[in-house]
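These are the residues of each chain, in order.
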Amino acid sequence: MLCVDAESDGQRIDNFLLRFVKGVPRSHLYRILRRGEVRVNKGRIKADYRLRTGDLVRIPPLRLAAPETPARVPDGQLARLDRAVLFEDERLLVIDKPAGLAVHGGSGLSYGLIESLRQLRPGRELELVHRLDRDTSGCLIISKRRSALRELHQIIREGAMDKRYLALILGELARPELTVDAPLKKNILRGGERLVQVDPVEGKPARTRFRRLRRLAFGDQCVTLVEAELITGRTHQIRVHAAHLGTPLAGDPKYGDEQANRALKPFGLTRLFLHASALSLRLDYMTRPLRVEAPLPHELEQILVALEAAA
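Note that the structure is a prediction, hence the values are computed from the model and not measured. (Residues numbered from 1 in each chain as written. Predicted model: local features only at pLDDT ≥ 70, side-chain atom pairs only at ≥ 80, totals over all residues. Heavy atoms only, no water.)

1. Let's talk about the pattern of salt bridges
Operational definition: A pair is scored as a salt bridge if a Lys or Arg side-chain nitrogen falls within 4 Å of a carboxyl oxygen belonging to Asp or Glu. Each helix corresponds to a stretch of at least 4 residues labelled H or I by DSSP, and each strand to a stretch of at least 2 residues labelled E; elements are numbered beginning at the N terminus. When a residue's accessible area, from a 1.4 Å probe over protein chains only, is under 20% of the maximum for its type it is buried; when over 50% it is exposed; and in between it is partly exposed.
Throughout the structure, instances matching the rule amount to 27 salt bridges. For Arg124, the salt bridge goes to Glu90, with nearest N and O atoms at 3.2 Å. Here the residue Arg124 occupies a position in the loop between helix H4 (113–120) and strand S7 (127–128), and Glu90 occupies one in the loop between strand S5 (85–88) and strand S6 (92–97), the gap between them amounting to 34 residues. We classify Arg124 as partly exposed; its relative accessible area is 33%. Across the pair Arg209 and Glu177 runs a salt bridge, and its minimum N-O distance is 3.8 Å. Here Arg209, found in strand S13 (residues 207–218), pairs with Glu177, found in strand S10 (residues 177–181); they are 32 residues apart in sequence, far enough to count as distant. Glu177 gets classed as partly exposed once you look at its relative accessible area, which sits at 41%.

2. Some points on the sheet that holds strand S2 (residues 39–40)
The condition is simple: In short, DSSP must find at least two bridges between two strands for them to pair.
Spatially, S1-S4-S2-S3 is the arrangement adopted by the four strands of the open sheet, whose pairing is antiparallel. Of all the strands in the sheet, just strand S1 (2–3) and strand S3 (43–44) have a single pairing partner and so form its edges. Relative to strand S4 (residues 56–58), S2 runs antiparallel, the two being bridged by two bridges. Within S4, the residue paired with Val40 across the bridge is Val57.

3. Details of helix H6 (residues 237–244)
Among the eight residues of H6, six are classified as buried, and the element is accordingly described as predominantly covered. Once H6 finishes, Gly246 follows within two positions and takes phi at roughly 85°, a positive value.

4. Structural notes on the packing of aromatic side chains
Condition: Any Phe, Tyr or Trp ring, taking Trp's six-membered ring, that has another such ring centre within 6.5 Å forms a pair; planes under 30 degrees apart are called stacked, those over 60 apart edge-to-face, and the others tilted. A ring is considered to have a charge above it if a Lys NZ or an Arg CZ atom is located within 6 Å of its centre and within 35 degrees of its normal.
Evaluated as defined, the whole model comprises one aromatic pair. Ring geometry for Phe218 versus Phe267: centroids 6.1 Å apart, planes at 80°, classification edge-to-face. Separated by 49 residues along the polypeptide, Phe218 in strand S13 and Phe267 in the loop between helix H7 (258–264) and strand S15 (274–281) bring together distant segments of the chain. For Phe267, a relative accessible area of 22% translates into the label partly exposed. Just above the ring of Tyr285 sits the side chain of Arg91; from NZ or CZ to the centre is 4.1 Å.

5. A closer look at the side chain of Glu227
Our working rule: We define a polar contact as two N or O atoms separated by no more than 3.5 Å, with the added condition that, inside protein, one atom must be a possible hydrogen donor and the other a possible acceptor, whereas residues neighbouring each other in sequence contribute only through side-chain atom pairs. In this analysis, two residues are considered to be in contact whenever any of their non-hydrogen atoms come within 4.5 Å of each other.
By the secondary structure assignment, Glu227 is in strand S14 (residues 221–230). A polar side-chain atom of Glu227 sits 3.1 Å from a polar atom in the side chain of Arg164. Those residues in contact with Glu227 that lie beyond four places of it in its chain are Arg164, Tyr165, Leu166, Arg209, Phe210, Arg211 and Leu213.

6. Points about the environment of Pro297
Along the chain, the position of Pro297 falls in the loop between strand S16 (290–293) and helix H8 (298–310). When the C-alpha atoms of Pro297 and Ser137 are compared, they prove to be 8.0 Å apart, with 160 residues separating the residues in sequence. Not counting residues within four places of it along the chain, the set of residues in contact with Pro297 comprises Ser137, Arg271 and His275.

7. Description of a positive patch on the surface
As a reminder, the rule being used: Two joining distances apply to patches: 9 Å for like charges and 5 Å for nonpolar side chains (Val, Leu, Ile, Met, Phe, Trp, Tyr), and every residue must have over 30% relative accessible area and no salt bridge. The Shrake-Rupley method, run with a 1.4 Å probe sphere, supplies the accessible areas, and residue values consider only the shown protein chains as cover. None of His or the chain ends enter the tally, which takes Lys and Arg as positive and Asp and Glu as negative. Lys charges are placed at NZ, Arg charges at CZ, Asp charges at CG and Glu charges at CD.
A grouping of Arg26, Lys46, Arg131, Lys186, Arg194, Lys204 and Arg234 is seen on the molecular surface, where their side chains present a positively charged patch. We classify Arg234 as partly exposed; its relative accessible area is 33%.

Written out as structure tokens, the structure reads:
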């Protein structure tokens, strides 16, 4: 039995367990959570339950796996990430995450962004504040203190963090600015694949504001560069909302248009065209709001150049 102290107040139960029972495979922790073997105040909870000071957590007997030596991240990868730091102080770090790098290891990956950063900044208590899909690039926040992690999670819950993305959609917006208000439900398919769909009955509230930036000809069709503002932050929200409008993201293998994606390959499209371009926030210790921007990656900028040249 563990009593939750003020330092862990607001932390998700899954992350709490990962911290206290090191050596237990992540998959096993989620299994005992689903089975109800972990109890909080004698009741069953889900993996996203947020702890409160004074909660009593029951952890069942667990067999620890033999400790593994963390995979060594290649020096070239560490150097690349060191150059990708957009902002850093004593409490947080904002990095321009490259596309193709998962935020953490697992599912066959020996390391991800957070494991790489822990090797880059040894001795720091680095934790992911939020996530980006593996194929999405751009601004990602990592906390360097647990107190900062709690405060950052609080401002995210309150909607006080402004997050903007650049995306290329297939087709065009019906208006220069358009807000999609469509509840989303997350399903886990066979094989562990995640799929999110619009579900007005069982979905959680989700809102995205799209703004048209540039319209580009594409054969007898068009594509549009848009800014997407997250008003809520659901899994795959921008991708699903864009597809819901009938204008899926270019390069999206899950919710997109396979034929259009193939037609865009000669223009250099080899990945999902989605980039977390900017974020704004203010923590209590800051004298003024912090705004961090990540430029559009070269490979995405070149797609726009090639489309312009072909018009």
